[in-house]
Amino acid sequence: MADLRDLYQELVIDHSKRPRNFHKLEGANITAQGYNPLCGDRVTIYLKFENGRVQDIAFEGTGCAISTASTSMMTEAMKGKTKEEAEAAFERFHDLVTGVYPRQASDPPLGKLEVFCNVSDYPVRVKCATLAWHTLRSALEGTGDTISTE
Ligand code: ZN
């Protein structure tokens, strides 16, 4: 197994320098904004949600390397997912960054998102890593408000 810490550094640097799906999304039917006052991270998530699935997803925003990389990797992971699958992935990702993942052996793997397990060593960074996910959930629940991690 590759050293997760090295892989984490590599992926965070790569995704923060060259974020994937980093643009306004034409044809988006849901947008949601998130803000992490602790660090100053801001993100806008654009979703094209049709036929019960995330058909497309993109984001814009400014923030630290961890929040940008986490948002970039979240958008890659969520394409094609149902609302329920996205909610379940959020729960597992939250468990991961708070150090309690996996709760049970049957929990489906998170793939390369698992590199974020290192964040559990830095509690102040948990909000940077989960901002995108909180914002995605608010988008899927259609609250439309700017969510804050505080
Ligand atoms: Zn941050």
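Details of the structure are given in the entry above.
Residues numbered from 1 in each chain as written. Predicted model: local features only at pLDDT ≥ 70, side-chain atom pairs only at ≥ 80, totals over all residues. Heavy atoms only, no water.

Trainee: Whenever I open this one, unusual backbone geometry confuses me. Can you help?
Mentor: Backbone geometry follows two general trends: most residues other than glycine have a negative phi, and most peptide bonds adopt the trans configuration. Omega for the bond connecting Tyr101 with Pro102 falls within 30 degrees of zero, at -10°, which places this linkage in the cis form. As for its position among the elements, Pro102 is in the loop between helix H3 (83-97) and helix H4 (126-141). At Asn21, a position not held by glycine, the phi torsion is positive, near 55°. Residue position: Asn21 is located in the loop between helix H1 (4-17) and strand S1 (30-36). Even without glycine at this site, Asn51 takes up a positive phi of about 55°. Within the secondary structure layout, Asn51 lies in the loop between strand S2 (41-50) and strand S3 (53-62). (Helix = DSSP H or I, 4+ residues; strand = E, 2+ residues; numbered from the N terminus.)

Trainee: Please explain helix H2 (residues 65-78) as it appears in this structure.
Mentor: Each full turn of the α-helix corresponds to 3.6 residues, which orients residues three or four apart in the same direction. Spanning 14 residues, H2 covers 20 Å between terminal C-alpha atoms, matching the ideal 20 Å at 1.5 Å per step. Within H2, 11 of the 14 residues are buried, which leaves it mostly tucked inside the rest of the structure. All of the buried residues along H2 are Ile66, Ser67, Thr68, Ala69, Ser70, Thr71, Ser72, Met73, Met74, Thr75 and Met78. Those residues of H2 that are buried lie in contact with H1, S2, S3, H3 and H4. In the stretch just after H2, Gly80 is the one whose phi turns positive, near 85°. (Expected span 1.5 Å × (residues − 1). Buried < 20%, exposed > 50% of the residue type's maximum accessible area, 1.4 Å probe, protein only. Contact = heavy atoms within 4.5 Å.)

Trainee: Help me out: how do you make sense of the coordination of the zinc ion in this one?
Mentor: Put simply, a metal with four donors set out as a tetrahedron has ideal angles of 109.5 degrees, and one with six donors set out as an octahedron has ideal angles of 90 or 180 degrees. Those donors, Cys39 (SG), Asp41 (OD), Asp41 (OD), Cys64 (SG) and Cys128 (SG), are the protein atoms that reach the zinc ion, and they lie 2.2 to 2.7 Å from it. In the primary sequence, the donor residues of the zinc ion line up as C-x1-D-x22-C-x63-C. Linking Asp41 in strand S2 with Cys64 in the loop between S3 and H2, this pair joins segments that are 23 residues apart in sequence. Given the relative accessible area of 1%, Asp41 is considered buried. (Donors = N, O, S within 2.8 Å, 3.2 Å for Na, K, Ca; no water.)

Trainee: Just checking my understanding: could you explain the packing of aromatic side chains for this structure?
Mentor: Each pair of aromatic rings is reported with the distance of its centres and the angle of its planes. Across all of its chains, the model carries five aromatic pairs by this definition. Taking the centre distance of 5.9 Å and the plane angle of 85° together, the rings of Tyr8 and Phe116 count as edge-to-face. Here Tyr8 is found in helix H1, whereas its partner Phe116 is found in the loop between H3 and H4, with 108 residues between them in sequence. Just as Tyr8 is buried, Phe116 falls in that class too. Both rings, one in Phe93 and one in Phe116, keep their centres 5.6 Å apart while their planes meet at 65°; by these two values the pair is edge-to-face. Taken as a pair, Phe93 in helix H3 and Phe116 in the loop between H3 and H4 lie far apart in primary sequence, 23 residues in all. Accessibility classification places Phe93 together with Phe116 in one group, the buried group. (Phe/Tyr/Trp six-rings, centres within 6.5 Å; stacked < 30°, edge-to-face > 60°.)

Trainee: How should I be thinking about the side chain of Thr71 in this particular structure?
Mentor: Inspection of the secondary structure puts Thr71 in helix H2. Looking at Thr71, the relative accessible area reads 4%, which means it is buried. Within polar-contact distance, the side chain of Thr71 engages the backbone oxygen of Ser67 at 2.6 Å. Excluding residues that lie within four positions of it along the chain, Thr71 makes contacts with Val43, Ile45, Phe59 and Ala132. (Polar contact = N/O pair within 3.5 Å; in protein donor to acceptor, adjacent residues only side chain to side chain.)

Trainee: Hey, could you run me through the packing of H1 against H2 in this one?
Mentor: Each pair of packed helices can be summarised by the angle the axes make with each other and by the distance between the axes. In contact at an axis separation of 8 Å, H1 and H2 are set at 85° when each is read in the N-to-C sense. With respect to H2, the axis of H1 lies roughly perpendicular. Where H1 approaches H2, its residues Tyr8, Leu11, Val12, His15 and Ser16 are matched on the opposing element by Ala65, Ile66, Thr68, Ala69, Ser72, Met73 and Glu76. Considered class by class, the residues forming the contact of H1 with H2 number seven nonpolar, four polar and one charged. (Axes fitted to C-alpha atoms, helices over the stretch in contact; angles between N-to-C directions. Parallel < 35°, antiparallel > 145°, perpendicular 65-115°, else oblique. Nonpolar A, V, L, I, M, F, W, Y, C, P; charged D, E, K, R; others polar.)

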